[in-house]
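Topology and contacts: notes
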Amino acid sequence: MPIPAAASLFALLDQLGVAHSTLEHPAVFHVGEGDEIKASLPGGHTKNLFLKDARGRLWLVSALQHAKIDLKALPAVIGSAKLSFGSAELMLKTLDVTPGSVTAFALMNDTERRVTFVLDKALLAAEPVNFHPLVNTATTAVSAAGFLAFLEALGVTPVLVDFG
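Let me sum up the structure you'll find in this document. (Residues numbered from 1 in each chain as written. Predicted model: local features only at pLDDT ≥ 70, side-chain atom pairs only at ≥ 80, totals over all residues. Heavy atoms only, no water.)

1. Section: the overall build of the protein
When you go through the protein residue by residue, the secondary structure sums to six helices and eight strands. Along the chain direction, N to C, the helices and strands of the protein fall in the order α-β-α-β-β-α-β-α-β-α-β-β-α-β. Taken across its 164 residues, the protein has 51% of its residues classed as buried. A separation threshold of at least 6 residues defines the contact pool for the protein, and within that pool the share at least 24 residues apart is 64%. (Helix = DSSP H or I, 4+ residues; strand = E, 2+ residues; numbered from the N terminus. Buried < 20%, exposed > 50% of the residue type's maximum accessible area, 1.4 Å probe, protein only. Contact = heavy atoms within 4.5 Å.)

This is the structure we're talking about:
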């Protein structure tokens, strides 16, 4: 069954020639949920954090699901002010997704390029990489190269961080 909210994502991936596969599943809201689903899907599974710094800058962090992300230490690494979680309203306004569905694929909805993307280096070593396709009732897999092609097409240059 097609996922209406993800249709624009799938169309963009197709247009870019990025192979993708999607598995629909019950809603997964947090990294600790859906382990049985993830076990059936090869590759790197992600955690995605939508953040706002004390200067009002927006950040999206995508890392391997078990990466330790220290929000107190991260500003020194990425050049931000003190970080906190962005509100659901701000997430919806800038990325057009709701909490539990935040994903790097939502960068396609950030037409004003307000969000700085922070990417875990280890995630790029995973094959394939798995993200929610704008909804948390499915997981879409693309190759790491395909994911980088997606970012390039958007004009998004990630800040690469080693969370290991």
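2. Description of helix α4 (residues 88-95)
Within the sequence span of α4, burial applies to Leu90, Met91, Thr94 and Leu95. Along the axis of α4, the buried residues cluster in a sector spanning 100°; they form a single face. Those residues of α4 that are exposed and angled more than 90 degrees off the buried face are Glu89 and Lys93. A positive backbone phi angle near 60° is found at Asp96, which sits one or two residues after α4. (Arc of directions from axis to C-beta.)

3. Observations concerning the pairing of strand β7 (residues 138-142)
A large share of β7 lies buried, amounting to five of its five residues. Neither face of β7 is open: one carries Ala138, Thr140 and Val142, the other Thr139 and Ala141, and all of them are buried.

4. Brief notes about helix α6 (residues 144-154)
Within the span of α6, buried status applies to Ala144, Gly146, Phe147, Phe150, Leu151 and Leu154. For α6, the arc enclosing every buried residue in end-on projection is 165°, short of the 170-degree limit, so these residues lie on one face. The outward face of α6, more than 90 degrees from its buried face, is lined by the exposed residues Ala145 and Glu152. Looking at the packing, one finds that the buried side of α6 touches α1 (7-16), β5 (115-120), α5 (121-124), β6 (129-131) and β7. Count one or two residues on from α6 and you reach Gly155, which has phi positive near 80°.

5. Topic: the nonpolar core
Of all hydrophobic cores here, the largest spans 33 residues; its most connected members are Leu107, Phe117, Phe147 and Phe150. Discounting residues that sit within four places of it in the chain, Phe150 has contacts with Leu9, Leu12, Leu13, Leu16, Ala104, Phe105 and Met108. Within the second largest apolar cluster, 13 residues are counted, among which are Trp59, Val61, Ala67 and Phe163. (Core = buried A, V, L, I, M, F, W, Y, C linked by side-chain atoms within 4.5 Å.)

6. A look at the packing of α1 against α6
Geometry of a packed helix pair, given as the angle between the helix axes and the separation of the axes. Viewed as axis vectors pointing N to C, α1 and α6 meet at an angle of 100°, and their least axial separation amounts to 10 Å. On the basis of their axis angle, the class for α1 and α6 is roughly perpendicular. Here Leu9, Leu12, Leu13 and Leu16 of α1 lie close against α6, whose contacting residues are Ala149, Phe150, Ala153 and Leu154. Class assignment of the residues belonging to the contact of α1 with α6 gives a composition of eight nonpolar, no polar and no charged. (Axes fitted to C-alpha atoms, helices over the stretch in contact; angles between N-to-C directions. Parallel < 35°, antiparallel > 145°, perpendicular 65-115°, else oblique. Nonpolar A, V, L, I, M, F, W, Y, C, P; charged D, E, K, R; others polar.)

7. What about the environment of His132?
Topologically, His132 is positioned in the loop between β6 and β7. In this structure His132 comes out as buried when scored by relative accessible area, which is 15%. Taking the C-alpha atoms as reference points, His132 and Thr22, 110 residues apart in sequence, are found 9.0 Å from one another. Polar side-chain contacts of His132 include one of 2.8 Å to the backbone oxygen of Ala138. (Polar contact = N/O pair within 3.5 Å; in protein donor to acceptor, adjacent residues only side chain to side chain.)

8. Points about the pairing of strand β3 (residues 58-64)
Burial of β3 is extensive: six of the seven residues sit out of reach of the surface. Inspection of the sheet shows strand β2 (residues 44-53) paired to β3 by seven bridges, in the antiparallel sense. Note on β3: the bridge partner recorded for Leu49 is Val61. When β3 meets β5, the two strands line up parallel, connected through five bridges. Pairing of Trp59 across the sheet is with Thr116, part of β5. (Pairing = 2+ DSSP bridges.)

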